[in-house]
Amino acid sequence: MQPQLIRALVALLGPKAVLSQAEDLMLYEYDGSVELGSPECIVFPGSTREVAEIVRLAKQYETPLVGRGAGTGLSGGAIARNGGIVISFSRMNRILEIDAANLRAVVQPGVVNLDLSRAVEHLGLYYAPDPSSQRSCTIGGNVSENSGGPHTLAYGVTSNHVTGMELVLPEGEIVRIGGKTIETPGYDLCGLLVGSEGTLALVTEITVRLTRKPEAVKTLLAVYDTLDDTTETVVDITVRAITPAACEMLDGFTLRAVEDYVHAGFPKDCAAVLLIEVEGLTEAVEAQAAAITEVCRQHNAREVRVARDDRERDLLWKGRKNAFGALGRLSPMYYVQDGVIPRTRLPETLRCIEEVSRKYDLQIGNIFHAGDGNLHPLILFDERDPEQFKRVTAAGLEIMRHCVAVGGALTGEHGVGMEKNELMPLMFTPEDIDLMRRVRAAFNPAGRLNPGKVLPLGKACGEIRVQPMPVSSTVPA
Amino acid sequence: MSRPAQACVTRLEEIVSGGNVLADPAELDLHQVDGLRPSAVVQPAEVPQVAEIMRFAAAEKLAVIPCGGCTKLRIGSPPARYDIALDLSRMNRVLAYDPRDLTLGVEPGVRIEDLLRVLGEQNQFLPLAVPFADRATVGGIVAANSSSPLRHFYGGVRDFCLGMEFVTGEGVISKGGGRVVKNVTGYDLHKLLIGSLGTLAVITRVNFRTFPLPPAQGTFIASFADAESAFGFCRGVAQSVLTPQILEVADPGAAHFLFSAAAPARITPQQWSVVITAAGHSALVDRYARELGHMASAAKAAEFMPLSDTEQSSVLAQIREFPRLVLEAAPDAAIFRIGVLPTAMPSLLEDLSEIAKHYHVGLAALTRASGIVYAAFFAEEGSETSSAATAGAAKEAFHICTLPENSAQAMLEWCPPEMKRMGTDLWGSRRDDFVLMQRVKNVFDPQNVLSAGRFTSGI
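Residues numbered from 1 in each chain as written. Chains lettered and ligands numbered in written order. Predicted model: local features only at pLDDT ≥ 70, side-chain atom pairs only at ≥ 80, totals over all residues.

A short note on the overall build of chain B
- Check the secondary structure of chain B and you find 17 helices and 19 strands.
- In terms of C-alpha radius of gyration, chain B reaches 22 Å, essentially the compact-globule figure of 23 Å for 459 residues.
- Counting only C-alpha atoms, chain B reaches 70 × 55 × 40 Å along its principal axes.
- Contacts spanning at least 24 positions in sequence make up 71% of the contacts within chain B whose residues lie at least 6 apart. (Helix = DSSP H or I, 4+ residues; strand = E, 2+ residues; numbered from the N terminus. Rg over C-alpha atoms; globule rule 2.2 N^0.38 Å. Contact = placed C-beta atoms within 7 Å.)

Overview of the domain arrangement of chain B
All names here are of chain B.
- You can read the domains of chain B as domain 1 (1-213 + 430-459), domain 2 (216-320) and domain 3 (322-421).
- Counting from both sides, the interface comprises 8 residues of domain 1 and, opposite them, 9 residues of domain 2.
- Considering only residue class, the side of domain 1 that touches domain 2 consists of 7 nonpolar, 1 polar and no charged. (Domains from an automatic or database assignment. Nonpolar A, V, L, I, M, F, W, Y, C, P; charged D, E, K, R; others polar.)

Description of the sheet that holds strand β10 (residues 202-209) of chain A
Residues and elements named next belong to chain A.
- Here 5 strands make up an open sheet; going across it, the order is β5-β6-β10-β8-β9 and the pairing antiparallel. In this open sheet, the two strands that pair with only one neighbour each are β5 (95-99) and β9 (174-178). Strand-to-strand twist of the sheet, defined as the mean angle between neighbouring strand axes without regard to direction, takes the value 10°.
- Relative to strand β6 (residues 104-107), β5 runs antiparallel, the two sharing 4 bridges. Note that in β6 the partner of I95 across the bridge is V107.
- Across the face of the sheet, helix α4 (residues 113-120) comes into contact with β5 and β6 while running at roughly 40° to β5. (Pairing = 2+ DSSP bridges. Axes fitted to C-alpha atoms, helices over the stretch in contact; angles between N-to-C directions.)

Some details on helix α10 (residues 282-298) of chain A
- Over its 17 residues, α10 of chain A runs 24 Å from end to end, which matches the ideal 24 Å to within 8%, given 1.5 Å per residue.
- Residue N300 of chain A follows α10 of chain A closely and has a positive phi angle near 65°. (Expected span 1.5 Å × (residues − 1).)

With respect to the domain arrangement of chain A
- When its domains are assigned, chain A resolves into domain 1 (3-88), domain 2 (95-212), domain 3 (216-326) and domain 4 (331-450 + 463-474).
- When each unit is reduced to the centre of its C-alpha atoms, the spacing between domain 1 of chain A and domain 3 of chain A is 41 Å.

A look at the interface of chain B and chain A
- Of the residues lining the interface, 67 residues belong to chain B; the matching set on chain A comes to 68 residues.
- The element contributing the most residues to the side of chain B that touches chain A is helix α17 (residues 434-444) of chain B, with 6 residues.
- Class assignment of the residues belonging to the side of chain B that touches chain A gives a composition of 28 nonpolar, 22 polar and 17 charged.

What about the pairing of strand β12 (residues 216-224) of chain B?
All names here are of chain B.
- Counting buried residues in β12 gives 7 out of 9 residues, a clear majority hidden from the surface.
- Relative to strand β14 (residues 272-280), β12 runs antiparallel, the two being bridged by 9 bridges. If you follow I221 over to β14, its bridge partner there is V275.
- When β12 meets strand β15 (residues 303-306), the two strands line up antiparallel, connected through 4 bridges. By the bridge assignment for β15, S223 is matched with E303. (Buried ≥ 20, exposed ≤ 12 C-beta atoms within 10 Å, placed from the backbone.)

Focus on helix α15 (residues 387-402) of chain B
All names here are of chain B.
- Between its first and last C-alpha atoms α15 spans 23 Å; for 16 residues at 1.5 Å apiece the expected length is 22 Å, and the two agree.
- Among all positions of α15, only T390, A391, A393, A394, A397, F398 and C401 are buried. Each buried residue of α15 sits inside an arc of 160° when the element is viewed along its axis, so together they form one side.
- In this fold, the buried residues of α15 make contact with β16 (334-339), α14 (345-359), β18 (372-378), β19 (409-414) and α16 (417-421). (Arc of directions from axis to C-beta.)

Quick notes on the packing of helix α9 (residues 227-238) of chain B against α14 of chain B
All names here are of chain B.
- Two elements in contact, α9 and α14, have axes separated by 10 Å at closest approach and are oriented at 150°. As far as their axial angle goes, α14 and α9 are roughly antiparallel. The hand of the α9/α14 crossing is right-handed. Counted together, A227, E228 and F231 of α9 and M345, P346, L349 and E350 of α14 form the full contact between these two elements.
- By residue class, the composition of the contact of α9 with α14 is 5 nonpolar, no polar and 2 charged. (Parallel < 35°, antiparallel > 145°, perpendicular 65-115°, else oblique. Left-handed = near helix turned anticlockwise from the far one by under 90°.)

Digging into the nonpolar core
- Among the nonpolar cores identified, the biggest contains 307 residues, and V273 of chain A together with V326 of chain B are the most heavily contacted of them.
- Counting residues per element, this core draws most heavily on helix α3 (residues 47-60) of chain B, which supplies 8 residues.
- Sequence-distant contacts of V326 of chain B, that is, excluding residues within four places in its chain, are made with F257, A333, I335, A364, A376 and F378 of chain B. (Core = buried A, V, L, I, M, F, W, Y, C linked by C-beta atoms within 7 Å.)

Some remarks on the packing of helix α8 (residues 227-239) of chain A against α10 of chain A
Residue and element names in this part refer to chain A.
- Where α8 meets α10, the closest approach of the two axes is 9 Å, and the angle between their N-to-C directions is 140°. As far as their axial angle goes, α10 and α8 are oblique. For the crossing formed where α8 meets α10, the hand is right-handed. Where α8 abuts α10, its residues T233, D236 and I237 lie against I292, V295 and C296.
- The class makeup of the residues in the contact of α8 with α10 is 4 nonpolar, 1 polar and 1 charged.

A closer look at the pairing of strand β18 (residues 377-381) of chain A
All names here are of chain A.
- Across the 5 residues that make up β18, a large majority, 5, are buried.
- Burial along β18 is two-sided: P377, I379 and F381 and L378 and L380, pointing in opposite directions, are all buried.
- Of the strand pairs in this sheet, strand β17 (residues 364-368) and β18 are connected by 3 bridges, and their pairing is antiparallel. Looking across to β18, one finds that N366 is bridged to P377.

Examining the environment of D87 of chain B
Residue and element names in this part refer to chain B.
- Note that D87 resides in strand β4 (residues 84-87).
- Its 26 C-beta neighbours within 10 Å are what place D87 among the buried residues.
- Ignoring sequence-local partners within four residues, the contact set of D87 consists of V41, V42, Q43 and C67.

Remarks on the environment of S33 of chain A
All names here are of chain A.
- Tracing the sequence through the fold places S33 in the loop between α2 (22-26) and β2 (41-43).
- Classification of S33 as buried rests on a count of 22 C-beta atoms within 10 Å.
- Measuring from C-alpha to C-alpha, the distance between S33 and G77 comes to 9.1 Å, with 44 residues separating the pair along the chain.
- The contacts of S33, once residues within four sequence positions are left out, are G73, L74, S75, G76, G417 and E419.

Structure follows, in structure tokens:
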């Protein structure tokens with residue numbers, strides 16, 4: 001990077017808000033995925049105006065720009081694939097307004113997800129999207145990736161909770177889209193921006209919906225001796241149109257790792273468990289819990305346990321939300337997938353994953369949002385073994401192909417990033433991708449903002465080259 | 001028929017087989033938009049035909065307006081040009097319905113009434129209680145982002161639409177989103193189409209998540225002497241643990257339209273009415289009845305009425321059809337759709353009422369507690385109100401929406417063509433994100449052939 005650019009950034013932000021030493025840069029080379037990329041400089045703006053100034057400098061010096069929250073992303077969204085400047089939003093972490101009467105909060109992008117819920121807890125409110133990383137991930141990052149979480153089954157993903165934003169465009173303009181009201185005239189630009197993975201604009205302020213806490217919550221743990229019984233339960237819950245707030249599945253392998261780590265009280269000798277939560281008015285919660293228990297028993301659950309109090313409930317969730325970390329103790333590295341399938345295809349999909357695990361001789365743990373068909377197979381591996389990593393990539397691809405083939409999607413909440421961008425042709429035709437490329441160019445004409453993400457690059461990577469699927473209209477439904 | 005119009009018809013007939021291009025004056029009249037008649041109405045049956053029609057239109061710079069049931073062609077600014085009505089009513093199939101997965105994919109021309117019947121057979125539904133229910137099609141409902149009272153509980157179209165397939169202004173077949181209930185793969189291009197009034201692309205398939213029909217439902221009306229107590233009660237309900245499916249406040253003007261024909265004789269139209277619908281198991285509905293009754297009496301309601309099943313279905317149908325009821329009684333009405341925060345609702349309603357008095361026009365306002373006010377200005381029966389008065393009231397309404405205490409986002413959804421010709425603004429002052437909308441439009445429809453000029457800021 002040109003020294004003049006570093007000097008200009010230091011002049012703008014002060015020496016403490018600019019990092020360019022190799023040892024500092026290393027900390028920003030990675031996120032929660034298996035991807036890597038070295039930035040040339042990290043900046044820490046404190047205001048929208050500073051962000052706009054950084055953007056102008058990047059334009060002047062023709063340098064790539066990548067926004068970054070807490071770096072917990074799982075698809076390489078915040079990694080500087082082509083070098084350049086990483087804009088860390090960690091100093092822009094203020095909650096600007098809490099409007100409880102209108103169920104809105106206005107936040108800066110660096111606000112940590114759980115901090116917002118904590119800030120409004122005394123008002124009986126919370127912020128609904130709850131990614132597992134919610135203790136550290138930021139709302140800005142959530143907006144970029146359109147993050148989900150266990151409770152999105154009932155409450156929707158980030159996109160359903162954002163009504164307005166302030167953007168800094170790659171040419172330096174500051175624009176507000178949407179607002180505090182549920183409707184604003186014109187195109188739904190918030191709908192486009194949420195989940196655009198930082199490739200259209202830098203988000204400097206976000207207006208979100210707050211949600212009222214339910215009157216009653218019940219958390220159930222159903223324990224199974226076979227995976228098929230577990231997945232058939234999920235199908236049956238969906239078919240009977242019971243709508244829990246969350247319905248999570250952990251397989252036996254994962255459970256044992258979690259239990260050794262968290263001591264949440266999960267049985268270590270079972271094939272899988274379902275962690276199901278129902279919320280709402282007391283009467284509805286009782287009725288739903290009874291209906292769910294009945295379905296679990298019909299599918300041979302050997303035990304259906306109800307959390308007796310908040311402590312027990314928190315412990316069960318702690319187990320679920322720390323599951324990735326628990327598996328991390330078993331293996332130097334893991335590769336987490338995020339495919340989605342129609343919920344009725346769960347049993348065959350789990351069997352497919354088992355087969356893939358055998359075929360490639362890889363250990364795969366399954367922890368996922370069963371209720372909305374969002375899978376998280378975790379493939380364990382050692383990155384020092386390149387041959388093994390090849391098998392990991394091939395296994396991942398096979399699972400994703402299966403998801404798309406049964407009518408699903410490549411990613412349910414982790415984003416495409418630089419991990420799955422070459423797989424986009426599995427779901428989208430060249431025409432679809434070209435249209436997305438043109439939409440990106442409408443916001444980000446020079447491609448300086450988060451280059452190499454979401455859309456396939458010109459040439460496909462040899463390892464995971466994919467054949468385009470036929471135009472979707474001709475695919476049998 | 002002019003020579004270019006004849007050439008257009010001939011080419012369209014080559015694309016869709018004979019009989020599916022209509023050019024007789026009666027059909028053209030049916031498809032007129034704000035006084036402009038197309039040269040032809042074309043009725044494709046397949047996506048490739050739509051694409052070919054659009055490629056032809058883009059090459060010849062012929063202006064196209066997509067339509068289905070033709071119930072909402074009056075919404076939006078007068079088109080700048082209009083050559084072809086692209087009638088999608090033949091594309092009316094349910095393409096994929098997996099009741100076990102609660103997902104659905106339909107063509108745009110399927111009528112919502114027919115679709116709800118299909119879903120009902122599986123004890124499911126879509127929360128689209130939208131006006132013109134007997135004729136409105138899914139494509140039109142999505143393109144106009146029709147407002148449903150059920151949004152209070154279920155969210156709007158953007159919240160339960162999973163993806164779409166569409167044909168751009170250049171005739172390219174494309175898509176956004178997907179078919180599963182959770183998906184973040186690629187840009188959510190389909191969200192841009194919701195409420196775009198056909199200015200970006202022709203919708204050819206919409207995927208939704210469906211919802212289980214609740215086992216029981218109850219509707220209650222609490223009536224109040226003034227707006228303050230009605231909104232106070234409404235706020236109390238909204239801030240309680242209760243989660244009703246519908247929560248609406250009808251001012252006396254709206255109550256007149258909603259309840260005069262259909263309703264319980266016990267409602268006095270001079271009053272402010274709060275309509276609440278609760279759903280779930282019967283024990284739950286009973287609890288709503290009890291708690292709402294207590295809250296209503298604490299809020300000094302003049303009356304609190306649980307409705308009978310017959311009353312309930314007629315009242316909910318009237319609420320669903322509110323803009324239509326107003327337009328049938330007062331075809332020259334100007335009907336606003338205003339996005340507003342709950343705390344600003346009382347002051348906005350008061351300002352709207354002042355405007356109505358000042359201009360001597362009638363006002364009917366139906367407020368959705370989720371954050372939408374439907375406000376109609378109209379000439380009252382027997383009065384000599386001119387359309388200039390309605391236009392004056394409309395202009396003033398835009399102004400009061402911009403006041404800091406209201407900070408509301410207004411769109412004049414329905415108004416007579418004469419008012420539009422007088423230059424009445426339909427969209428309020430230009431927002432600073434207009435430049436981005438213009439860029440999006442240029443990507444989807446660079447020749448500006450789709451619904452040209454009907455959207456905000458001349459898009």
